[in-house]
Amino acid sequence: MLLIIVAFISLSGRICFANNAITVVANTQDRGILLSRHEVRNLFMGTPLGYDFIAITLPPENQTRVIFNTKVIGLTESRIQSYWAQMRFTGRKKVPREVASEQLVLEYLQNNKGAVGYLPASLTLPDDLTVIYTIL
Amino acid sequence: MPWRLWNFVLVCGLALLCNAHPIYAETSDKLQFSGFARVVLGYLDDKDAEYLNYDNSVSIDNESLIGLQADYQMMDSLAITGQLIGHSGEQRDSGIEWLYLTYAPTNTLKLKLGRQRTPFLNYSDVIDVGYAYPWATLPQQTYPRHFFSNFDGLMASYEIPSTLFVMNIEGYWGYFKDKVVVSEREMEAKTTGFHGLISHISFKNWTLRGSYHQGTTSVTLDDVTQFSGLLNQLGFSQSADSLATTGVTEVFQFSANYETVDYFVRGELNRIKADFIFVPDTDGYFLSTGYNYFPFSSYISYSKNTTDYEEPASDIPTGLSPILDGLSYNYLNIFEQLPVNSSEAYTLGTRWDIQPGLALKGEVSLIKGADNESAFFDIKNTAFDREALLYLIALEWVF
């Protein structure tokens, strides 16, 4: 019985984990690019990486964005909003463009060279996009 | 005039807000409007003094403000930015806070030319954007209000990303000319050769900032200048020199932030050195830690500063003649009237992020000073014990 419970918990955890997995996807010709978490964080916080990438994000209330904030950026949504207020009103960095849903992110990525966005890992990606980072 | 401008800006702001996107309004890809507003209610629980113009009645017109910003992208690498602020408080003039051109030849190098915010301390350039920081107000002990908020000149910013950290280096050069209030006196101030170097480093959950600023400041104080001239004519050059109204001012600053999804720790220290009368040498620091439980975060802070003026000279002899005694008395009286603003503050507060772009903060601070010092208080009763509670509620908005 104990084994069954342990197996169930383990399985539940794995399913939950898989559902929360995030991929960062780019429209790039270079299919070999793999970024670290630090580089992805910097990219979405407005720091150029030298690849001519332009980050796009989902709206604040979007669940994928909440997971991405927690796992990759490592800050709460309110802190990220404060950060962008500071960057915007000191003229240092520009807020990434917001795209309304995961499906629209996919479309935007396909239509814009250099665009980078994050998506649930479970989403099926078209062949012309490249996964540059994955976090489980 | 400031009030008329304030009303004008308020109306413009409200009109914009009616149609604005929650974060910012884009009228086209090239022209963007955005803004920020704050309404700050304050109450000082003591009838014997005022602190930063708060007294024992609820006031809303000390730190409330609205700012509007327009960014126009003229070419891929060239943009112009203007920012207009309407202050409710009488201590700050409303008007153009920013007006500068940005030239970005690469995505790591940026040059800005025009009127810009002075980046003395970590939050100096967003001191009016309350939404950008957790506290209802930045501690007076570390962020003295006599610091001028903008300068005219050139700023260069260069970002160095690496696989381990991100470093940003900023350097600027320019000048400042406007009225300032120092040691409870309003005076015309001019700073030339004003320059500084700022370095930011972000590494994992850490953000560090160190900076150095320097300029030659002269202030117009006709009565002091005339008295200093008289002392010089009489041969008391040490006393005359100690009343200098021109001198070099230096600011040193270091701050460190550590933050995660759950909590933050932030600290900042600075040293201000000025070699002329009315601006004391000041050391200030604050330490704050907070716990995030979205949509709330609660924090505690401690801030402290110490100020020291130059000692008066002693080359005027006393006890020889009534004229010299009077001269000495008048000379020493200038120093005795200088307010000593060493103080400390303990703060407890909570920020509630109601929705993206809108936050409500509430905090209470215990401010303490030594019995014989001003400690930033405007004292109404000599029996005042230099201890008071300041309550603040702030509604912060960016759009």
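Look a little higher up for the structure.
Residues numbered from 1 in each chain as written. Chains lettered and ligands numbered in written order. Predicted model: local features only at pLDDT ≥ 70, side-chain atom pairs only at ≥ 80, totals over all residues. Heavy atoms only, no water.

## With respect to the environment of A:K93
Piece 1. Relative to the helices and strands, A:K93 is located in the loop between α4 (77-88) and β3 (97-98).
Piece 2. A residue is classified by how much of its surface remains accessible, and A:K93, at 14% relative accessible area, is buried.
Piece 3. Between the C-alpha atoms of A:K93 and A:L136, which are 43 residues apart in sequence, the distance is 29 Å.
Piece 4. When sequence neighbours within four positions are dropped, the list of residues in contact with A:K93 reads A:M45, A:G46, A:T47, A:Y83, A:W84, A:M87, A:R88, B:K110 and B:E159. (Helix = DSSP H or I, 4+ residues; strand = E, 2+ residues; numbered from the N terminus. Buried < 20%, exposed > 50% of the residue type's maximum accessible area, 1.4 Å probe, protein only. Contact = heavy atoms within 4.5 Å.)

## Side note on the pairing of strand β12 (residues 246-259) of chain B
All names here are of chain B.
Piece 1. Of the strand pairs in this sheet, strand β11 (residues 206-220) and β12 are connected by 13 bridges, and their pairing is antiparallel. Considered in β12, the bridge of H213 is made with V251.
Piece 2. Examined bridge by bridge, β12 and strand β13 (residues 263-274) share eleven bridges and lie antiparallel to one another. Along β13, the bridge assignment pairs S255 with E268.
Piece 3. Linking two consecutive strands that pair antiparallel, namely β12 and β13, is a turn of three residues. (Pairing = 2+ DSSP bridges.)

## Regarding the nonpolar core
Piece 1. Residues A:V24, A:V40, A:F44, A:F68, A:L109, A:V116 and A:I132 are the most contacted members of the largest nonpolar core, which totals 36 residues.
Piece 2. Broken down by secondary-structure element, the contributors of at least two residues to this core are β1 (22-26), α2 (37-44), β2 (54-57), α3 (63-73), α4, α5 (102-111), β4 (115-120) and β5 (130-135) of chain A.
Piece 3. Every residue in contact with A:V24, bar those within four places of it in the chain, is listed here: A:V40, A:F44, A:F68, A:V116, A:G117, A:Y118, A:T130, A:V131, A:I132 and A:Y133.
Piece 4. Core analysis: the next-biggest nonpolar cluster, separate from the first, contains 28 residues, B:Y131, B:A132, B:F264 and B:V398 among them. (Core = buried A, V, L, I, M, F, W, Y, C linked by side-chain atoms within 4.5 Å.)

## Overview of the packing of α3(A) against α4(A)
All names here are of chain A.
Piece 1. Put simply, α3 and α4 touch, their axes get as near as 10 Å, and they point 80° apart. By the criterion of interaxial angle, the relationship of α3 to α4 is roughly perpendicular. On α4, the residues that touch R65, N69 and I73 of α3 are E77, I80 and Q81.
Piece 2. Of the residues belonging to the contact of α3 with α4, the class tally is two nonpolar, two polar and two charged. (Axes fitted to C-alpha atoms, helices over the stretch in contact; angles between N-to-C directions. Parallel < 35°, antiparallel > 145°, perpendicular 65-115°, else oblique. Nonpolar A, V, L, I, M, F, W, Y, C, P; charged D, E, K, R; others polar.)

## What about the interface of chain A and chain B?
Piece 1. At the junction of the two partners, chain A supplies 29 residues and chain B supplies 45 residues.
Piece 2. Buried surface at the junction of chain A and chain B, summed over both partners, amounts to about 3,000 Å²; 50% is from carbon and sulfur atoms.
Piece 3. When the buried area of chain A at its contact with chain B is split by residue, A:R88, A:F89 and A:R92 rank highest and sum to 25% of it.
Piece 4. Taken together, chain A and chain B are joined by four salt bridges.
Piece 5. Close ionic contact of A:R92 with B:D125 constitutes a salt bridge, the shortest N to O distance being 2.9 Å.
Piece 6. Linking chain A with chain B are 18 residue pairs in polar contact (both at pLDDT 80 or more), by the criterion used here.
Piece 7. In terms of residue class, the side of chain A that touches chain B is made up of six nonpolar, 13 polar and ten charged. (Buried area = accessible area lost by both parts, 1.4 Å probe. Salt bridge = Lys/Arg side-chain N within 4 Å of Asp/Glu carboxyl O. Polar contact = N/O pair within 3.5 Å; in protein donor to acceptor, adjacent residues only side chain to side chain.)

## A word on the packing of α2(A) against α3(A)
Residue and element names in this part refer to chain A.
Piece 1. Where α2 contacts α3, the axes come no closer than 10 Å and their chain directions differ by 125°. When the axes of α2 and α3 are compared, the pair comes out oblique. Residue-level inspection shows R37, V40, R41 and F44 of α2 in contact with α3, the latter providing F68, K71, V72 and I73.
Piece 2. Class assignment of the residues belonging to the contact of α2 with α3 gives a composition of five nonpolar, no polar and three charged.

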